[in-house]
Amino acid sequence: MTKVDLSRLPRVDRVAQHPSLAGLRRRLGAEAMTRLARRVIEEARAGVRAGASCPSEEEAVARLMAAAQASLSARSRAVINATGVVLHTNLGRAPLGPRAVQALARAAGGYTSLEVDLSTGRRGPRGAFAEGALASLAGAEAVLLVNNGAAAVMLALGALSAGKKVLVSRGELVEIGGGFRVPEVLARSGAELSEVGTTNRTRVADYAQALERGGVGAILRVHQGNFRQVGFVERPERRALSALAREAGVWLVEDLGGGALVDLTPSGLGEEPTVQACVSGGVDVVCFSTDKVLGGPQGGALVGRSEAVERARRDPLARALRMGRLPLAALEETLACYLEGDLDGVPTVRMLKATPEALRARAEGWREALGARGIAVEVVMLEGAVGGGALAEAALPSAGIAFGGEDGKEDVEEVAARLRAGEPAVVGRVQEGRVLLDARTVLPGEEEALLAAVVAAVVALKR
Ligand SMILES: *Cc1c(COP(=O)(O)O)cnc(C)c1O
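Residues numbered from 1 in each chain as written. Predicted model: local features only at pLDDT ≥ 70, side-chain atom pairs only at ≥ 80, totals over all residues. Heavy atoms only, no water.

1. Points about the site of the ligand
Neighbouring residues of the ligand: R93, N148, G149, A150, I176, F180, D255, G257, S289 and K292. Within the backbone of G149, one N or O atom sits 2.8 Å away from an oxygen atom of the ligand. Within the complex, 90% of the 380 Å² of free accessible area of the ligand lies under protein. Among the elements of the structure, helix 7 (149–161) and strand 9 (251–257) are those that each provide at least two residues to the shell around the ligand. Looking at the shell around the ligand, its residues break down into 3 nonpolar, 4 polar and 3 charged. (Near = heavy atom within 4 Å. Polar contact = N/O pair within 3.5 Å; in protein donor to acceptor, adjacent residues only side chain to side chain. Areas by Shrake-Rupley, 256 points an atom, 1.4 Å probe, with all protein chains shown as cover. Helix = DSSP H or I, 4+ residues; strand = E, 2+ residues; numbered from the N terminus. Nonpolar A, V, L, I, M, F, W, Y, C, P; charged D, E, K, R; others polar.)

2. What about the sheet that holds strand 5 (residues 142–146)?
Across a sheet, strands are paired by hydrogen bonds formed along the backbone, either parallel or antiparallel in direction. Reading across the sheet, the 7 strands line up as 5-11-10-9-8-6-7 and stay open at both edges, with mixed pairing between neighbours. At either end of the open sheet lies a strand with only one pairing partner, and these are strand 5 and strand 7 (192–196). Ignoring which end each strand starts from, the neighbouring axes of this sheet average 25° apart. Those strands touched by helix 6 (residues 128–138) are strand 5, strand 10 (285–289) and strand 11 (300–304), and its axis lies near 130° from that of strand 5. Sitting on the sheet, helix 12 (residues 306–314) is in contact with strand 5, strand 9, strand 10 and strand 11, with an inclination near 30° to strand 5. (Pairing = 2+ DSSP bridges. Axes fitted to C-alpha atoms, helices over the stretch in contact; angles between N-to-C directions. Contact = heavy atoms within 4.5 Å.)

3. Quick notes on the UniProt feature "domain: L-seryl-tRNA selenium transferase N-terminal" (unreviewed entry) in the chain
Using the residue numbers shown here, the UniProt feature "domain: L-seryl-tRNA selenium transferase N-terminal" (unreviewed entry) corresponds to residues 6–45. The span residues 6–45 shows a helical share of 70% and a strand share of 0%, and its end C-alpha atoms are spaced 7 Å apart. (UniProt positions renumbered as here; feature names shortened; annotations may be inferred.)

4. Description of the environment of R235
For R235, the position within the fold is in the loop between strand 8 (216–222) and helix 10 (238–248). Each C-alpha atom of the pair R235 and N200 lies 8.3 Å from the other, and the pair is 35 residues apart in sequence. Contact partners of R235, with chain neighbours within four places excluded, come to E172, T202, R221, V222, H223 and Q224. A polar atom in the side chain of R235 sits 2.7 Å from the side chain of E172. Among the polar contacts made by the side chain of R235, one reaches the main-chain carbonyl oxygen of V222 at a distance of 2.8 Å.

5. Quick notes on the nonpolar core
If you look at the biggest cluster of nonpolar residues, it comprises 50 residues, and the most contacted ones within it are L134, L145, I219, F288 and V303. Among the domains, domain 2 (79–89 + 351–462) and domain 3 (98–345) are the pair contributing at least three residues each to this core. Beyond its immediate sequence surroundings of up to four residues, V303 is in contact with L134, A138, A140, A142, V143, V275, V279, D284, V285, V286, F288 and V309. A159, V166, V285 and L321 belong to the second-largest nonpolar core, a separate cluster that totals 32 residues. (Core = buried A, V, L, I, M, F, W, Y, C linked by side-chain atoms within 4.5 Å. Buried < 20%, exposed > 50% of the residue type's maximum accessible area, 1.4 Å probe, protein only. Domains from an automatic or database assignment.)

6. Structural notes on the packing of helix 5 (residues 98–108) against helix 14 (residues 325–339)
Contact geometry of helix 5 with helix 14 gives a least axis separation of 8 Å together with a crossing angle of 150°. Regarding the angle of helix 5 to helix 14, the classification is roughly antiparallel. In the crossing of helix 5 with helix 14, the sense of the turn from one axis to the other is right-handed. Judged by residue contacts, R99, A100, A103, L104, A107 and A108 of helix 5 engage R325, L326, P327, A329, A330, E333, T334, A336 and C337 from helix 14. (Parallel < 35°, antiparallel > 145°, perpendicular 65-115°, else oblique. Left-handed = near helix turned anticlockwise from the far one by under 90°.)

Below, the structure is given as structure tokens:
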């Protein structure tokens, strides 16, 4: 093997401090630039050892520039969601309404009465307003707020059934997405999974048999939100299960996922169960996310009977999973919208309730505005979705605009890429060789920016 000459490798400090990188250095900081430069040179060294040629200083600077740009582009950017998926987990789920945003900003930029009772000046309970509001909206005795839906499930099972068995139907041992698998969360909570029934059919008798074997702490019911079973299927009614649990002296916990507080059936949204229905159906603790159909900030809730909820509150894990003060401020205001009947103040609810006719009229407006700027688009009827693990089958009839595709598939992908590269980024769908922008999920204040982005992307392509 020939001896490799590593002495000609560019020097880290010279590359990191190169004058052409001054702008990037200002934005990332000198430390971070040096770290990235070190990595670039390390990789070059490994390359030279493996037989590659030694990069010049210029080449190393170019590599560092690419690495620095990649590092900056990992920062989250504002996105206009034109996918039609209302609760897009990868786009941050529920956008907050103006009232919640204001409350959040006020809390963020100063001190708040988070844990102080201002009438006495003494320490007060955290989250008391939001928990009380949610309890009254859900018709429940008690509420505990935590950091997210997964935390709510883990805390409920750990507090109520650690060291004991939790009965789960084989049809409900699901993965929610993002690696949340019911069996794994259950194991981590310290409870022991005990499977009952079969994948497609589980009866009350299956649970009853398992209860007879003893050692059971709770029954867990999991909402089948992100998939649907059809055909030869059976699943006990909530009431029957709660009667059985009560008789056997075990808890009934439901992992509801979404946390709908209003009945969305009239808008053609299928049968997403409400929190109220779970509570009145006899569930001891309902767990859900506050940033799904509820339309609030990231968070999780345990809602139900005080005996069960208070047990979770006393669990040492509750402190580690508590909700942050900023989401709490946003959640308070979101729940205040519900209490006051100001449902238009909750964008998620407003978007889910938008009719195809209204969305079509909006898309017509876009078509006209774009036409006036020399861009021809077509108004099309579309199928949106709820997302966020809710209402798997519920395709929301929607409307939007379609364009591109005259010059072949490549161009459409390029238009879509240009839309994503803009500021704000626009994320739509590419289908059948055309770019589709769904009107349902574009927020009222975003229309001008959306239209400008379409013009820019299409004009850039024509050049
Ligand atoms: C979304 C979901 C979760 C997890 O909630 P996060 O807020 O994402 O932690 C758990 N269970 C079900 C059924 C869900 O739909």
